[in-house]
Number of protein chains: 2
Amino acid sequence: MDIRDIARLSGYSLGTVSRVLNGHPNVSERARERVLAVVEEVGYEPNSNARYLKMQSHLSVAIFVKGSRNMLFADILERVQALLREAGEQPDVVYLGEDDNEVVHAVRYERLRHPKGIVFLGGDPAYFKAGFQRIEVPAVLVTNTAAGLGFKNLSSVSTNDVAAARDVIEHLYARGHRRIGIIGGERSLSQVGGRRLHGAEEALRAHGIEFDYERDFEPCHFAMEDGYDAAVRLIMRSRDLTAIFALGDAIAIGAMRAVFDMGLRIPDDISIAGYDGLSAGQFCVPRLTTIRQDTRQLASRSVDALLAALGGEEQPVREMVPYQLLNRESVCTREREPVRVA
Amino acid sequence: MDIRDIARLSGYSLGTVSRVLNGHPNVSERARERVLAVVEEVGYEPNSNARYLKMQSHLSVAIFVKGSRNMLFADILERVQALLREAGEQPDVVYLGEDDNEVVHAVRYERLRHPKGIVFLGGDPAYFKAGFQRIEVPAVLVTNTAAGLGFKNLSSVSTNDVAAARDVIEHLYARGHRRIGIIGGERSLSQVGGRRLHGAEEALRAHGIEFDYERDFEPCHFAMEDGYDAAVRLIMRSRDLTAIFALGDAIAIGAMRAVFDMGLRIPDDISIAGYDGLSAGQFCVPRLTTIRQDTRQLASRSVDALLAALGGEEQPVREMVPYQLLNRESVCTREREPVRVA
DNA sequence: CTGAAAGCGCTTACAG
DNA sequence: CTGAAAGCGCTTACAG
């Protein structure tokens, strides 16, 4: 069943059928109705390979997701897909490992399939800097920033990680915490973890506290297992910590269990703050105090930016979306230590 | 840069270049080397649309995932994708809502893209029964069974939900629990929830307990939020319950928080058992007692089955993969109630 | 508004 | 082992 059959069945030529199918203006109402009726009746679907071959492009947009078990991305992905579908796109999603180079994958994909646009859920600006000039279609980086990279076809929508991390530290500091440890991510400034770390360090310094990376920081992947191990290492090493800032909620949840297993209470012995606002955080005991990234806006602004670019808009968007500190139960106010007389 | 350029540059004809690219036997070693060298040098990548158009099919396999926030599926998906890639496939993943009809989507997709095979992560046999005859390529249903449907091109790899649920009840019963409530899923036998429910009911009956659906069952979606609400409703209604079997770990985690919020202790006042073996379960306090579905085997057996079918194997596989009851901390032994003298 | 024709970039019998 | 040719199912100038 191909377009020629529809032409035959409808009594019109192949060209006219194609025009109807593609919503071109120059077709009579009669022709349109007739063709559509036949299409409907026989359940015809155009062959996309022929279509894209002829049009020299893939009609679809590709979504690269960095880490299939990242719940934050799962959440955003769900919305991005729904939005894209509403806009008539049928997105392709490709999963990558947490440590994969998304830009290398995208370059290969673009050559192979010629998508009309790309969205990156997560990504490292360092990779973009190195290889993004090879990709030519509009793209948008979500949850990380493309500012300063200088690519006209790369938008970004993210949370202000530096400011949000600073807020977490302020929150902790205001509640009397002075010995604060941090777990998660790496020190690389191009990654989200690195920027959160940076914001935290700044806030600490503003209060006259120099953050000691050797003693009070443990890098780790964004997973519960890793958070657990990192928390154990950190606490064993720095026994006087009164609070831990986990750079992701999954990490925080693992850390909470670690603290419990070490016979310590949360938040009384050690307070814990997370980052992301995963829904799981509100089911923890105690509920996790954290930064809520606005997945709804992250998704909708990203799709808006991509659609605009697809529509011919030349100016990329570099947007930060509002976040919110969720003050829940895993952080307590620290009583001032009694002054000890020597 | 297309195949004609490669022909020109290599001094061979277009047909020979194509044969080299596709690994056909009838090409001289000289030609192969020369062509490959040129391809390498100019970085040529064949146009997949032209290729698939000509070959009348898409070279890839499609993966339909029912519910993008389902961590069990996320886990299986990761493995399935890796395995497929190792086998040289570049899978397409399509996300569906938890309540979508995956077969309708697959039929449409097949018409449009002609994948060479399909894997369904989750799915309702009732939908397959109604519409799967329209799909002609090999497919495999993961985590649910295709037995009894009679489709030669549909394999399935799943956990024996009936038996596993029965084991959960036995576990609870052996620890003295007699008043057991169940939350999650629906009563429809074709869905996994329904089958777990069925297994539980059977086990209870074997001990002379008739399960009261009106009083002791609360259906719900497989998410923490829903588990929370369902647990509240159930406990309010059936105050004498000593244990709750949540038909999914996400549900269980929500239920644990609900029990806590109602001022009850786990497992002392109410024991909770889950199903799935999500890694999050081991970070709960207390750690969740649950059924571990073997995601590794679920993934590898599914890919094996699909690859075999793609290779010409005509006999579909209908396989159950071993599961394991993880006896952790959320279920306690119930002391026998003291006999009350009237 | 409509039709006839060219051509997108490949693969694969068919000859040789 | 290699080349010339047909054709996969579409879209889109070009005429009319």
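Keep in mind the model is a prediction, meaning the values are calculated, not measured.

## Quick word on unusual backbone geometry
Outside of glycine, negative phi angles account for most residues, and trans bonds account for most peptide bonds.
Thinking step 1. Following Ile 266 of chain B, the chain continues into Pro 267 of chain B via a peptide bond in cis, with omega recorded as 5°.
Thinking step 2. Cis rather than trans, the peptide bond between Val 285 of chain B and Pro 286 of chain B has omega equal to -5°.
Thinking step 3. The residue Pro 286 of chain B is located in the loop between β9 (271-273) and β10 (290-293) in this model.
Thinking step 4. A positive phi is found at Thr 143 of chain A, a non-glycine position, where the angle reads about 80°.
Thinking step 5. Turning to its location among the elements, Thr 143 of chain A is positioned in the loop between β4 (139-142) and β5 (154-159).
Thinking step 6. In this structure, Asp 276 of chain A is a non-glycine residue whose phi angle is positive, near 135°.

## Points about the domain arrangement of chain A
Thinking step 1. According to the domain assignment, chain A consists of domain 1 (3-55), domain 2 (59-159 + 294-321) and domain 3 (161-293).
Thinking step 2. Here the C-alpha centroids of domain 1 of chain A and domain 3 of chain A sit 59 Å apart.

## Considering the packing of aromatic side chains
What describes a pair of aromatic rings is the distance from one ring centre to the other and the angle between the planes of the rings.
Thinking step 1. Applying the stated criterion to the full structure yields 17 aromatic pairs over all chains.
Thinking step 2. A ring pair is formed by Phe 128 of chain B and Phe 132 of chain B, whose centres lie 5.6 Å apart and whose planes are at 35°; its orientation type is tilted. This pair shows no difference in class: Phe 128 of chain B is buried, exactly as Phe 132 of chain B is.
Thinking step 3. Ring plane angle 80° and centroid distance 5.8 Å describe the contact between Tyr 213 of chain B and Phe 217 of chain B, whose orientation is recorded as edge-to-face.
Thinking step 4. Take Tyr 213 of chain B: its relative accessible area is 13%, and that puts it in the buried class.
Thinking step 5. A relative accessible area of 6% places Phe 217 of chain B in the buried class.
Thinking step 6. Counting every residue linked through ring pairs, the aromatic cluster contains Phe 64, Tyr 109, Phe 120, Phe 128, Phe 132 and Phe 151 of chain A.
Thinking step 7. The residue whose ring lies beneath Arg 178 of chain A is Tyr 173 of chain A, and the NZ or CZ to ring-centre distance is 3.5 Å.

## So, the sheet that holds strand β6 (residues 180-183) of chain B
Residues and elements named next belong to chain B.
Thinking step 1. Across the sheet, which stays open at both edges, the four strands sit in the order β7-β6-β8-β9 with parallel pairing between neighbours. Only two strands of the sheet have a single partner each, and these edge strands are β7 (217-218) and β9.
Thinking step 2. Pairing geometry for β6 and strand β8 (residues 243-246), over four bridges, is parallel. Along β8, the bridge assignment pairs Ile 182 with Phe 245.
Thinking step 3. Lying over the sheet, helix α8 (residues 161-174) contacts β6, β8 and β9, oriented at roughly 165° with respect to β8.

## Digging into the pattern of salt bridges
Residue and element names in this part refer to chain A.
Thinking step 1. Counted according to the given criterion, the structure contains 48 salt bridges over all chains.
Thinking step 2. We note a salt bridge from Arg 179 to Asp 240, for which the minimum N-O separation is 2.7 Å. Of this pair, Arg 179 sits in the loop between α8 (161-174) and β6 (180-183) while Asp 240 sits in the loop between α11 (224-237) and β8 (243-246), placing them 61 residues apart in sequence.
Thinking step 3. By relative accessible area, Arg 179 is classed as buried at 18%.
Thinking step 4. Overall, the relative accessible area of 41% leaves Asp 240 in the partly exposed class.

## Quick look at the protein's contact with DNA strand D
Thinking step 1. Neighbouring DNA strand D are 28 residues; Ile 3, Ser 18, Tyr 44 and Arg 51 of chain A together with Lys 54 of chain B lie closest to it.
Thinking step 2. Sugar and phosphate atoms constitute 62% of the interface atoms of DNA strand D, taking the interface as everything within 4 Å of the protein.
Thinking step 3. Within the side chain of Ser 28 of chain B, an N or O atom sits 2.9 Å from a phosphate oxygen of DNA strand D.
Thinking step 4. Side-chain polar atom of Lys 54 of chain B to a base nitrogen of DNA strand D: 2.9 Å apart, as the coordinates give it.
Thinking step 5. When residues of the surface near DNA strand D are traced back to their parent elements, those giving at least two are α1 (3-10), α2 (14-21) and α4 (48-55) of chain A together with α2 (14-21) and α4 (48-55) of chain B.
Thinking step 6. For the surface near DNA strand D, the element with the highest residue contribution is α4 of chain A, accounting for five residues.
Thinking step 7. Of the residues assigned to the surface near DNA strand D, the class counts are 11 nonpolar, 10 polar and seven charged.

## A word on the sheet that holds β8 of chain A
Residue and element names in this part refer to chain A.
Thinking step 1. An order of β7-β6-β8-β9 is seen for the four strands of this open sheet, with the pairing classed as parallel. Edge positions in the open sheet fall to β7 (217-218) and β9 (271-273), since each of these has one partner strand only.
Thinking step 2. Relative to β9, β8 runs parallel, the two sharing three bridges. Paired with Ile 244 across the bridge in β9 is Ile 272.

Parameters at a glance
- Residues numbered from 1 in each chain as written.
- Chains lettered and ligands numbered in written order.
- Predicted model: local features only at pLDDT ≥ 70, side-chain atom pairs only at ≥ 80, totals over all residues.
- Heavy atoms only, no water.
- Helix = DSSP H or I, 4+ residues; strand = E, 2+ residues; numbered from the N terminus.
- Domains from an automatic or database assignment.
- Phe/Tyr/Trp six-rings, centres within 6.5 Å; stacked < 30°, edge-to-face > 60°.
- Buried < 20%, exposed > 50% of the residue type's maximum accessible area, 1.4 Å probe, protein only.
- Lys NZ or Arg CZ within 6 Å of the ring centre and 35° of its normal.
- Pairing = 2+ DSSP bridges.
- Contact = heavy atoms within 4.5 Å.
- Axes fitted to C-alpha atoms, helices over the stretch in contact; angles between N-to-C directions.
- Salt bridge = Lys/Arg side-chain N within 4 Å of Asp/Glu carboxyl O.
- Near = heavy atom within 4 Å.
- Polar contact = N/O pair within 3.5 Å; in protein donor to acceptor, adjacent residues only side chain to side chain.
- Nonpolar A, V, L, I, M, F, W, Y, C, P; charged D, E, K, R; others polar.

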